[in-house]
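# Summary of structural features
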Amino acid sequence: MATAARTSQSLLPRIVRSISSSRNKSTAAAAAAAGSLDATDPILDLSDTERLFGPAETGELLRSLATMYTLAMEPAVDLGMAVLKSPSVMSSPAVMAAVRGTVYRQFCAGEGMEEAAETLRRLWKVGLRGILDYGLEDAVDGEACDRNLAGFLRTVDMTPALPASSVSFACVKITAICPVNLLERISDLIRWQKKHPSFPLPWMRPSLPVLSVSSPLYHTLSTPPPLTAGEEAELHRSHARLTALCTRCANTDLPLLIDAEYTSVQPAIDYITYSAALQFNAPKKKKPIVYGTIQSYLKDAKQRLVQAVDAAESAGISIGFKLVRGAYLSRETKLASSVGAASPIHDTIRETHACYNDCAAFMLERTANGSAACLLATHNLESGKAAAAKAEEVGIGKGDERLQFAQLMGMADGLSLGLRNAGFQVSKYLPFGPVEQVIPYLLRRAEENRGFLSTSTLDRDLIRKELKRRLSAAVQRK
């Protein structure tokens, strides 16, 4: 990673020289795939980079561009990921400093709550909101879960001291407040009941449908043993942890996003999430407190989304969902391959894009009729344009709290600012915590930004265009 930091610094002169040059073929191809940089749209127009990046300092744009170029270089990403996975290397103060100055600074809001709050205040000044995510996941036991819950509660408690409405959501991973091995056990039992509907699950609370007819069941190849008394007690404590967090969020009037994770534990996550939604979400036409997450790169995403929304409507509650594409592609593909099963992920990126847009259109229609709310988390320009047009078509007001857009910190800033300029409510996802705590998150971001055809291509092009504009203006002033 120290090498990566030096690479980032050495790229600066090259980037400055390239600002006035034409884009190379690979960048042009990537721009075509993500959406044309120069295309204007009556609702979402990114052509005016001065309006997009006006408040940003040139040095900060150069730093961000250098980091994105470094992440686009496959050898640098491979080296960086190897470093992040090595505790012995990460123990070096020099390496830790390099990580803080590159990928951590790009994608994370700070190590503590005060730093995260300052990042959020900066975003608020330019018209963006923040989703506060205390970066914890994969607890191994109940004691760790209790410590994690305390951190999540402190995060919610800090929001009243921040500018009013600057925080749009709190965020939690169920793997941080329920031991991962228990989530795997519960998921196995839920899958087995899907195969054998008479299979008893005496511990199950009222919830919404979790699996569809197309959901993958290959994780569970034989009858799983029932939960032990100790496991049932820990499940009860996990429900109680989420209840405590939801109660704190409800008292603060702050919606709670519950992240999706990998398919080996997702059935349990959905079961726990939907159980909390039945308890805390208000009747139709009201803003829900609990939001689940649907990953559109999964082949069963649309079916699971529709059945959950329909069931929530029948139960008389408003249901909230965050829509994402998904970040566990390598893990899912390897797991399915290891048992000789087909991947649960769409075969092509175009199918994933189509699924995302289809799910978004469905949620926007249900939001318009008052039965749902959605957070559309996308870095794809075409998906952003389609969603903005659909929202206008179905008559959702841009000030309606039940429709929001979001992008990760350090990614798709051009899209965030374009949606902001169009009048929509837009948030940046702000993970924070010590570097060693957020390493799993950083690894996923490094993987997403790998290569010149990555999701960061549009941002690189927009920043290059803005820097070229500033350089030209500076030359003319002289």
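Residues numbered from 1 in each chain as written. Predicted model: local features only at pLDDT ≥ 70, side-chain atom pairs only at ≥ 80, totals over all residues. Heavy atoms only, no water.

The name that an unreviewed UniProt entry assigns to the protein is Proline dehydrogenase, with the source organism given as Platanthera guangdongensis. According to its UniProt record, the protein has this under Sequence similarities (unreviewed entry): "Belongs to the proline oxidase family." (UniProt positions renumbered as here; feature names shortened; annotations may be inferred.)

## Section: the packing of helix H4 (residues 58–71) against helix H19 (residues 457–477)
It is the contact of H4 with H19, at a shortest axis distance of 10 Å, that shows an interaxial angle of 145°. By crossing handedness, the relation of H4 to H19 is classed as left-handed. In this structure, H4 contributes Thr-58, Leu-61, Leu-62, Ser-64, Leu-65, Met-68 and Tyr-69 to the contact, and H19 contributes Asp-459, Arg-460, Ile-463, Arg-464, Glu-466, Leu-467 and Arg-470. In terms of residue class, the contact of H4 with H19 is built from seven nonpolar, two polar and five charged. (Axes fitted to C-alpha atoms, helices over the stretch in contact; angles between N-to-C directions. Helix = DSSP H or I, 4+ residues; strand = E, 2+ residues; numbered from the N terminus. Left-handed = near helix turned anticlockwise from the far one by under 90°. Contact = heavy atoms within 4.5 Å. Nonpolar A, V, L, I, M, F, W, Y, C, P; charged D, E, K, R; others polar.)

## Observations concerning the pairing of strand S7 (residues 403–408)
Among the six residues of S7, six are classified as buried, and the element is accordingly described as predominantly covered. The side-chain alternation of S7 yields two buried faces, one formed by Leu-403, Phe-405 and Gln-407 and the other by Gln-404, Ala-406 and Leu-408. Pairing between strand S6 (residues 372–377) and S7: four bridges, direction parallel. Within S7, the residue paired with Leu-376 across the bridge is Phe-405. Bridge count for S7 against strand S8 (residues 426–432) is four bridges, and the pairing is parallel. Bridging from a neighbouring strand, Phe-405 pairs with Val-426 of S8. At this point the chain moves from S7, through helix H17 (residues 413–421), to the parallel S8, and the crossover so formed is right-handed. (Buried < 20%, exposed > 50% of the residue type's maximum accessible area, 1.4 Å probe, protein only. Pairing = 2+ DSSP bridges. Right-handed = clockwise from strand over helix to strand, strands pointing away.)

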